[in-house]
2 protein chains.
Amino acid sequence: MATLQDLGVSAFINIVGAFVFLLLFAFLRVQPVNDRVYFPKLYLSGKRRHLPQGQGSAVRRFVNLDLCTYFRFLSWVPSALRMSQPDLIHHAGLDSAVYLRIYTLGLKIFLPIMILALLVLIPVNVSGGTLLNLRKEVVFSDIDKLSISNVSPGSNRFFIHLLMAYVFTFWTCFMLYKEYINVAFMRLHFLASQKRCADQFTVIVRNIPHVSSHSTSETVDEFFRRNHPDHYLGQQAVYNANRYAKLVKQKERLQNWLDYYQLKFERHPEKRPFGRTGCLGFCGREVDQIDYYRARISELDKKIASERQRVLNDPKAVMPVAFVTFDSRWGAAVCAQTQQSKNPTQWLTDWAPEPRDVYWQNLAIPFFSLSIRKFLISAAVFALVFFYMIPIAFVQSLANLEGIEKVAPFLRPVIEVKVVKYFLQGFLPGLALKIFLYILPTVLLIMSKVEGYVSLSSLERRAASKYYYFMLVNVFLGSIIAGTAFEQLYAFFHQPPTQIPRTIGVAIPMKATFFMTYIMVDGWAGIANEILRVKPLVIYHLKNMFIVKTERDREKAMDPGSIGLAENLPSLQLYFLLGLVYAVVTPILLPFIIIFFALAFLVYRHQIINVYNQEYESAAAFWPQVHSRIIASLLISHVTLFGLMSTMKAAYSTPLLVFLPLLTLWFHKYCKSRFEPAFRKYPLEEAMEKDSMERASEPSLNLKSYLANAYLHPIFHMFEQQQQEEEEEEKVEVRVDKAQLQREEVDEEEAHVNTSSQATHYQYHHHEQQMTTTTHYQYHQHDHMSQYHVRPTDTDSPSPSPPHFAYHYGIEP
Amino acid sequence: MATLQDLGVSAFINIVGAFVFLLLFAFLRVQPVNDRVYFPKLYLSGKRRHLPQGQGSAVRRFVNLDLCTYFRFLSWVPSALRMSQPDLIHHAGLDSAVYLRIYTLGLKIFLPIMILALLVLIPVNVSGGTLLNLRKEVVFSDIDKLSISNVSPGSNRFFIHLLMAYVFTFWTCFMLYKEYINVAFMRLHFLASQKRCADQFTVIVRNIPHVSSHSTSETVDEFFRRNHPDHYLGQQAVYNANRYAKLVKQKERLQNWLDYYQLKFERHPEKRPFGRTGCLGFCGREVDQIDYYRARISELDKKIASERQRVLNDPKAVMPVAFVTFDSRWGAAVCAQTQQSKNPTQWLTDWAPEPRDVYWQNLAIPFFSLSIRKFLISAAVFALVFFYMIPIAFVQSLANLEGIEKVAPFLRPVIEVKVVKYFLQGFLPGLALKIFLYILPTVLLIMSKVEGYVSLSSLERRAASKYYYFMLVNVFLGSIIAGTAFEQLYAFFHQPPTQIPRTIGVAIPMKATFFMTYIMVDGWAGIANEILRVKPLVIYHLKNMFIVKTERDREKAMDPGSIGLAENLPSLQLYFLLGLVYAVVTPILLPFIIIFFALAFLVYRHQIINVYNQEYESAAAFWPQVHSRIIASLLISHVTLFGLMSTMKAAYSTPLLVFLPLLTLWFHKYCKSRFEPAFRKYPLEEAMEKDSMERASEPSLNLKSYLANAYLHPIFHMFEQQQQEEEEEEKVEVRVDKAQLQREEVDEEEAHVNTSSQATHYQYHHHEQQMTTTTHYQYHQHDHMSQYHVRPTDTDSPSPSPPHFAYHYGIEP
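Residues numbered from 1 in each chain as written. Chains lettered and ligands numbered in written order. Predicted model: local features only at pLDDT ≥ 70, side-chain atom pairs only at ≥ 80, totals over all residues. Heavy atoms only, no water.

## A closer look at the overall build of chain A
Stated precisely, the cut-off is as follows: To qualify as a helix, a DSSP run of H or I must reach at least 4 residues; to qualify as a strand, a run of E must reach at least 2; elements of each kind are numbered from the N terminus. Here's how the labels work: a residue is buried when its accessible area is under 20% of the maximum for its type, exposed when over 50%, partly exposed in between, all with a 1.4 Å probe on protein chains only. Where accessible areas are quoted, they stem from the Shrake-Rupley method and a 1.4 Å probe; at the residue level, only the protein chains shown are allowed to cover.
Secondary structure summary: chain A contains 32 helices and 8 strands in total. Scored against the burial criterion, the 813 residues of chain A give a buried share of 54%. For chain A, the accessible surface area stands at approximately 36100 Å², while carbon and sulfur atoms represent 63% of it.

Structure below.
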């Protein structure tokens, strides 16, 4: 058990650490050279542009010499708070705004609880005085004095704790209820006030049966013409272009290398870059790298062209999935919510996700396979949560020094050096675990992908819930009960069920200091790290050094990232769990949580405004999950309190405590039926209202042309680009200016830089069909096939250019 | 442990008992006087009528003198089997036909399992020889020799049992899958080939919000005109007539007494029946019973009339529920399956149950109250299942001899008589339990009613599932682990979870003989009792003796009953559980189960054809429940086998067995998503098909008039009757014929008997608006407000006369 002093030291270190991070951030963010690291969102939304050439000296464009800005190093805080909620929703989407509400919910729940707990429970605990009497000398420096352990067993003071458990539960439920009303209203209001967009009229149809002598499109057409005669408008086929996408990605990688070598050659024109083709440049024959990569790229180009032909002409490339559009929101709502076919495994309809939210790869999974996948993945998640230590221990046992010496005897002299040996011995065993924990979110996301969800938002939500189980078992339970999750599982099976809450309950107060330290390290310092953005900062400058030649490259090198619900939701939920469990037991933990919530709220508000790019808009579809996890935390807190009380000879507590979880469960059921449909379904009343309003305001709207290309498979855009690109290639080459090739000067506004080889990579694409009066900058960055960092600048436009592999760069005419 | 001889004796007794019952049945059923007890269904469906007057002698009409029929005492078996499935569906509805398929499913699952088990497992067990060596003298007469207990621990023979567990599970799943396909197809086919009926076009809307200055009907009209403009046809309000129904019921009871006394007076005209008005005729003032009851009835008539006025005129009597009709099945399907309102707790839509399936009382329950009711009832069911022994033990402790002597000292001399004392001591403690078990199904049905389900079919299904939990815990687990359910619950909480399957697994083979006896007593004898119909037989003859005066009274006295899903489904599921659990452990139990299934199949087929009256048609909506209960039985059998194996030192079995429940669970999930929508939803494809076929065949159909009265609240029919009744009263009196008042001769075909007082009770009601060419006999019997023993004779007719409290008697013109 740590003493108050220990905790104070730990808190001091962490606070200083966080403070240093914040200072560093304050220093770095005002340097113009880091502008694209700390304000990418402003660039994306067009609120900030790079400085025009010639303004200020060269130094001034990299380093901030205005000393005043350094003194106002906390200026980001008020500016982060200044934006109003409607503006925030407009700027970053409803998802982000509601995500921030989780932090305020945390504050709303825990601030009154903390005040009450500090005023009532701490005096009760301190004057309880068991520990005080038993071991006087140790105890005075112990935070146990402030916890429930200080109350002597069998004392009547436990009634106060019971009462507080009821008060805290009711308060939490009350705040949850109010927040659910709020969020549901925000969602409905958001959907109602949303401008016309394609997903309001579109339904995704999966598992289209194969009818012989009919193409998929014909089958779909016929089916919907028959069963939705009044509202059916059209449909869009989905192509299996996974192989094509792979080739394009490969080409892109080669292109990066080519760029790198060309830049190298330009800086030192005296020597051509040579290198070996084999692994890591160590083996293989030596070639001129520029020629080599050019040859490989042109080879790939041919492959890509033939694959394109195959996709377009092969009927097998059309998948049994389609996006079906209707002439009204009402018609789409009806189709999405009803069963279409006599065979319930065919013609599965659901609301189409936003075009940028679609996860195309999963669209082709058949129904039967889906049920197997779900089953296998849930088994895998169970195994991962409870048995993840087994493979890691195995790897650890392999990756010891003797093993390495055996495999690579030539390393022996190096390893035998004492310093190296100690370092490795201390480092290797932890390495496997560190790597595992680092890649865990990615693994969970891949698992969710295998499960077959068709939208990025649902993928993230599923990954988040898997991560939550992992954290609950391995962080929460794992810290309370020593030993691996597997050992816990074994113990749970071989202990009476009533023993489990006792075991946990007894350990809970003893682990309070551990969790305080955890909150400081993971919470406080983690948040400060989040705002400093070390990884994007380093990568941006590395890319800037080696690849970036034009302003467009710089745009590409900038990585705004996103909120990362898959990781952040579970850790937030863990903080709620800690707060609720410790509220009655060791209330001194609450201030740490409140500081975390307040700090995280500020940081994430700043990041959402200035940094993160919204990948999709799910209209707060994650809220029911947040709500039910907090309910689960309440239930866990009741069970642990139950276990703790039963060891405290407080027999009267059993009947009094049993109602708490029952009432909480009932509250949850009520909320679920009262609010959840607002997040899962779309009421016909709403649909009809919007339809008739639209019909009144725009009677001559041609919906068919509006919807025509909304869900066009990304591959078609690629095809279009390819054609356009080939046309552009000739035009652009005229404008190539040798003088602009100097890397330091390329960041002017309209650098139409291109060499003939680069022309295959950058595509100029001017959207002439846009319906709005102003011309827009559209920037689509591609990171991975599953992630579109896309922000359509105008949702009113038909968004004719999905982002897949597309680097559109609107040129001001 | 019972020996084989013991078991043989028990089997012999039960077989003889069942045989005697069957013989009695064979004797009684050929007596014409019992015709209405054993063939009520044939009377109801018009296939059999009472003998016309004058045919045969008076004796012949009561006793069967044809000796040949006595020799053909098993003739009911082939005649029960003769009816083909489509005929059966036509005769008794799809529910009955699918219910019978549960028995054939049992045979299909267990016959091959039994053959395999007897051929493979019995030899393996017998030659296993642990018990054989250990206690040679006892064991030879023991059925344990045939069970898995006979195999020595750690033997490799357990591999065979494991293999068999896999084979049995796969076979069961395979049969379940085939059966689900079959039943789902039958359901879809039934729905598709069904004639036009009102519930296909009707949606029930609950929780209609109150809009000030609008009546409920106006609100509904406006809402659906706005949100379903193309398909909305009309709506029918629902009235709160529960108090009116109570008064009518009261009047009916008085009427019965009046009839009784009038009959008494007619037989002995020399003395008027006098009696006291107080409780049970013991106290109160002495009155002329005929005058007294007449006065009370006329008093009630006034009350009924004023209540009728109140319901019709008070706007508060209109409940926030409505039946909304659409002009097509498509429109209704859309409305039933979608969310209507922004507030998901308002405007809840669902398919309307059949008119005769509606449980009117529950229509008015608001949403918030529903969620509380469900919560409270699930807590109550839990308490009932686990703590039901507590109140019974309390009652038992009160109802001992000393207690009675204290309360009623004057009984002391009687009680002190030795014979009486022994009898009471043996009898009283069991009485409370017996009464409890007898009323349990009724209690569970009432609980389901409190939960707020709006159709009789769902009420029965819910009651069935509650009863199943009770049986599972108190019959299955209660027999295996000695002690009350409460003690089990306590043990479960204080034992490690792995200990529970071990406890059960070890006890399982030892309890085989008990369950064999249980199957014989509850199954075989119970089935024989079912076909004998002792209770309806007695009640019918009692009523015949005291109340029946006319042929219509006799119709009323006849109680066809119904299948009684609420009781029969759970006990059937228990047999599946026993069969699956013992298939590997003690396969000698299987023949008992198979005899039960075969016998029960025959008996229920006979009863369904000849006796039971179909109360409603849910188109086999109970099948998903049957399926998942059998899956649950499989899982329980795996867990018990797991526990058993772990005590048998068969360590290798753990990893091998763990896949079985996982695979079974996956199979269940797959079946659920594959088939269950067919039982919950109505595909639009189907709806559209039927709509367009109907439009093609009957283009001039006036659907509005067809649907106008389908869901008219029963109270309106009562009002209509009352008016008609008052008109009829005058006409009918003319036809009163004193000669026909002789009770023995009233059973002629068209006995239009009535006295002026009876005219208030019998109503002649000629349906002139029926659309078919033949005139139909419609007979509506009222039993309880919740049960309409109604069989519309022609589903094609608009069924203008819901049965509530209506005694329509169609007269052949």
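## Some points on the packing of helix α28 (residues 653–675) of chain A against helix α14 (residues 367–387) of chain B
Put simply, the test is: Axes here refer to lines fitted to C-alpha atoms; in helices the fit is confined to the stretch in contact. Angles between the N-to-C directions go from 0 to 180 degrees. What sets the label is the angle itself: under 35 degrees gives roughly parallel, over 145 gives roughly antiparallel, 65 to 115 gives roughly perpendicular, and the rest give oblique. Handedness of a crossing follows from how the near helix is turned relative to the far one, being left-handed for an anticlockwise turn of less than a right angle and right-handed for a clockwise one. A contact between two residues is defined here by any heavy atoms of the two lying within 4.5 Å. Just so you know the grouping, Ala, Val, Leu, Ile, Met, Phe, Trp, Tyr, Cys and Pro go in nonpolar, Asp, Glu, Lys and Arg go in charged, and all remaining residues, Gly too, go in polar.
Two numbers describe how α28(A) lies on α14(B): the axes approach to 10 Å, and their chain directions differ by 140 degrees. Looking at the two axes, α28(A) sits oblique to α14(B). The two elements α28(A) and α14(B) meet at a crossing, and its hand is right-handed. Side by side, α28(A) and α14(B) meet where Leu662(A), Leu663(A), Trp666(A), Tyr670(A) and Ser673(A) of the first sit next to Phe367(B), Phe368(B), Ser371(B), Ile372(B) and Phe375(B) of the second. The residue inventory of the contact of α28(A) with α14(B), partitioned by class, reads 8 nonpolar, 2 polar and no charged.

## Concerning a nonpolar patch on the surface
Residues and elements named next belong to chain A. Filter applied, for reference: For patch building, the residue pool is restricted to those with more than 30% relative accessible area and no salt bridge; the joining distance is 9 Å between like charges and 5 Å between nonpolar side chains (Val, Leu, Ile, Met, Phe, Trp, Tyr). Within this document, salt bridges are pairs made up of a side-chain nitrogen of Lys or Arg and a carboxyl oxygen of Asp or Glu, the two lying within 4 Å of each other.
A cluster of nonpolar side chains, contributed by Val9, Phe12, Ile13, Val16, Val20 and Leu24, occupies part of the molecular surface with about 530 Å² of accessible area. Following the sequence through the fold, Phe12 ends up in helix α1 (residues 4–29). A residue is classified by how much of its surface remains accessible, and Phe12, at 57% relative accessible area, is exposed.

## Details of the interface of chain A and chain B
Inclusion rule: Simply put, the buried area is the total loss of 1.4 Å probe accessible area from both parts when two parts are fitted together.
Across the contact, 48 residues belong to chain A and 48 residues belong to chain B. Summing both partners gives a buried area of about 4300 Å² for chain A against chain B, and 64% of it is carried by carbon and sulfur. Our enumeration of links across chain A and chain B arrives at 6 salt bridges. Of all elements in the fold, only α10 (216–227), α13 (329–337), α14 (367–387), α20 (485–494), α28, α29 (677–680) and α30 (684–697) of chain A reach the threshold of two or more residues within the side of chain A that touches chain B.

## Remarks on the packing of aromatic side chains
Test applied: Pairing of aromatic rings covers Phe, Tyr and the six-membered ring of Trp, with a centre-to-centre limit of 6.5 Å; geometry is then stacked below 30 degrees between planes, edge-to-face above 60, and tilted otherwise.
For the coordinates displayed, the defined rule picks out 82 aromatic pairs over all chains. Centroid distance Trp257(A) to Tyr261(A): 6.0 Å. Interplanar angle 25 degrees. Geometry classified as stacked. Pair noted here: Trp257(A) and Tyr261(A) are both in helix α11 (residues 242–267), with a separation of 4 residues, about one helical turn. Ring centres of Tyr103(B) and Phe597(B) lie 6.4 Å apart, and the angle between their planes is 70 degrees; on these two criteria the pair is classed as edge-to-face.

## Section: the relation of the copies chain A and chain B
Quick note on the threshold: Alignment of copies: least-squares fit on C-alpha atoms of residues with pLDDT of at least 70 in both copies.
Structural alignment of chain A on chain B gives an RMSD of 0.2 Å, achieved by rotating through 180 degrees and translating 0.0 Å along the axis. Taken together, the rotation and translation describe the operation of a two-fold axis. For chain A, the minimum C-alpha distance to the rotation axis belongs to Pro496(A) and amounts to 1.8 Å. The share of interface residues of chain A whose copies in chain B are also at the interface is 100%, consistent with both copies meeting through the same surface.

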